[in-house]
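Residue strings, one per chain:
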Amino acid sequence: MKREDLAGPSAISGSKMRLAEFILGRALENGVTHVITQGAYLTNSGLQFAAACLSVGITPILVLTRNVPRHGELGEFRGNYLLNKTMGVETHVINGSGNEWHSADEAARITDAIAVRKAELEAQGHEVLVVGTGGAHPDGYIAHALTFREMLEQSDAAGVELDYVYHTIGTGTALPGISLSSSTC
């Protein structure tokens, strides 16, 4: 079993830290000053990207969604949202009545909010990078290809041959990199 929740340098580690290494590395090369990413109200990915951004001097901005009929109005800071606020991360909560994955209107509201904030920052002379939900970004897929290679190296060192790899699916950012890597091995 590969514990990606233990892959990073802190209590908020996980596979998104692997992505952040490549995405933020390229962002630094390109002079990015702000990263905007999106996720659910208590997103792990958003928290990990926010912490990684802060550690390299890039300003993180989170656009968070909350399904009000399912979870109620935002009444308190808790969990990852509390941690983001404690770290001083700019957050925007978009209340919805459904799931952005299933509703074009909900998705458009999120996309529009991100575009507006990006345009505001660019008008002030900032360089802004938008990273999709769950770290979906071309530079991030490299990290998951390397994760698969790491799995092969670790299993070889342990004298174990992998017959199958079972993978859970969240936002779908890991599977393309792992699939690509496994098809080339």
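Residues numbered from 1 in each chain as written. Predicted model: local features only at pLDDT ≥ 70, side-chain atom pairs only at ≥ 80, totals over all residues. Heavy atoms only, no water.

Structural notes on the sheet that holds strand E1 (residues 34–40)
On the basis of which strands lie adjacent, the open sheet formed by four strands has the order E3-E2-E1-E4 and parallel pairing. Edge strands, defined here as strands with exactly one partner in the open sheet, are strand E3 (90–96) and strand E4 (128–131). Direction aside, the axes of adjacent strands within the sheet are offset by 20 degrees on average. Two strands pair when backbone bridges link them, and E1 and E4 are joined in this way by four bridges, in the parallel orientation. Of the residues in E4, the one forming a bridge with Ile36 is Val130. Contacting E1, strand E2 (59–67) and E4, helix H2 (residues 44–56) crosses the sheet at an angle of about 170 degrees to E2. Most of the contacts of helix H5 (residues 104–123) go to E3, to which it runs at about 155 degrees, and overall it touches E1, E2, E3 and E4. (Pairing = 2+ DSSP bridges. Helix = DSSP H or I, 4+ residues; strand = E, 2+ residues; numbered from the N terminus. Axes fitted to C-alpha atoms, helices over the stretch in contact; angles between N-to-C directions. Contact = heavy atoms within 4.5 Å.)

A look at the packing of helix H1 (residues 15–29) against H2
Axis separation between H1 and H2 bottoms out at 9 Å; the angle between their running directions is 40 degrees. One finds that H1 runs oblique with respect to H2. In this structure, H1 crosses over H2, and the sense of that crossing is right-handed. Across from Ser15, Lys16, Met17, Leu19, Ala20, Ile23, Leu24 and Leu28 in H1, the residues of H2 making contact are Ser45, Gln48, Phe49, Ala52, Cys53 and Val56. Considered class by class, the residues forming the contact of H1 with H2 number ten nonpolar, three polar and one charged. (Parallel < 35°, antiparallel > 145°, perpendicular 65-115°, else oblique. Left-handed = near helix turned anticlockwise from the far one by under 90°. Nonpolar A, V, L, I, M, F, W, Y, C, P; charged D, E, K, R; others polar.)

Concerning the nonpolar core
Of all hydrophobic cores here, the largest spans 15 residues; its most connected members are Leu24, Val35, Ile58 and Leu129. When contributions to this core are tallied by element, the ones reaching two or more residues are H1, H2 and E4. The leading source of residues in this core is H1, at six residues. The contacts of Ile58, once residues within four sequence positions are left out, are Leu24, Ala27, Leu28, Val32, Thr33, His34, Val35 and Cys53. Grouped together as the second largest cluster of nonpolar side chains are eight residues, Ile36, Ile94, Ile110 and Leu121 included. (Core = buried A, V, L, I, M, F, W, Y, C linked by side-chain atoms within 4.5 Å. Buried < 20%, exposed > 50% of the residue type's maximum accessible area, 1.4 Å probe, protein only.)

Regarding the packing of aromatic side chains
Per the counting criterion, the structure on display carries two aromatic pairs. For the pair Tyr41 and Tyr81, a centre-to-centre distance of 5.1 Å together with 40 degrees between the ring planes defines the contact as tilted. With a gap of 40 residues between them, Tyr41 in the loop between E1 and H2 and Tyr81 in helix H4 (residues 79–86) connect regions that are remote in the sequence. Accessibility assignment for this pair places Tyr41 and Tyr81 in one class, buried. On the numbers, 5.1 Å between centres and 70 degrees between planes, the contact of Phe77 with Tyr81 is edge-to-face. For Phe77, a relative accessible area of 46% translates into the label partly exposed. An aromatic cluster of three or more residues is present, and its members are Tyr41, Phe77 and Tyr81. Taking NZ or CZ as reference, Arg66 lies 4.5 Å from the ring centre of Tyr41, over its face. (Phe/Tyr/Trp six-rings, centres within 6.5 Å; stacked < 30°, edge-to-face > 60°. Lys NZ or Arg CZ within 6 Å of the ring centre and 35° of its normal.)

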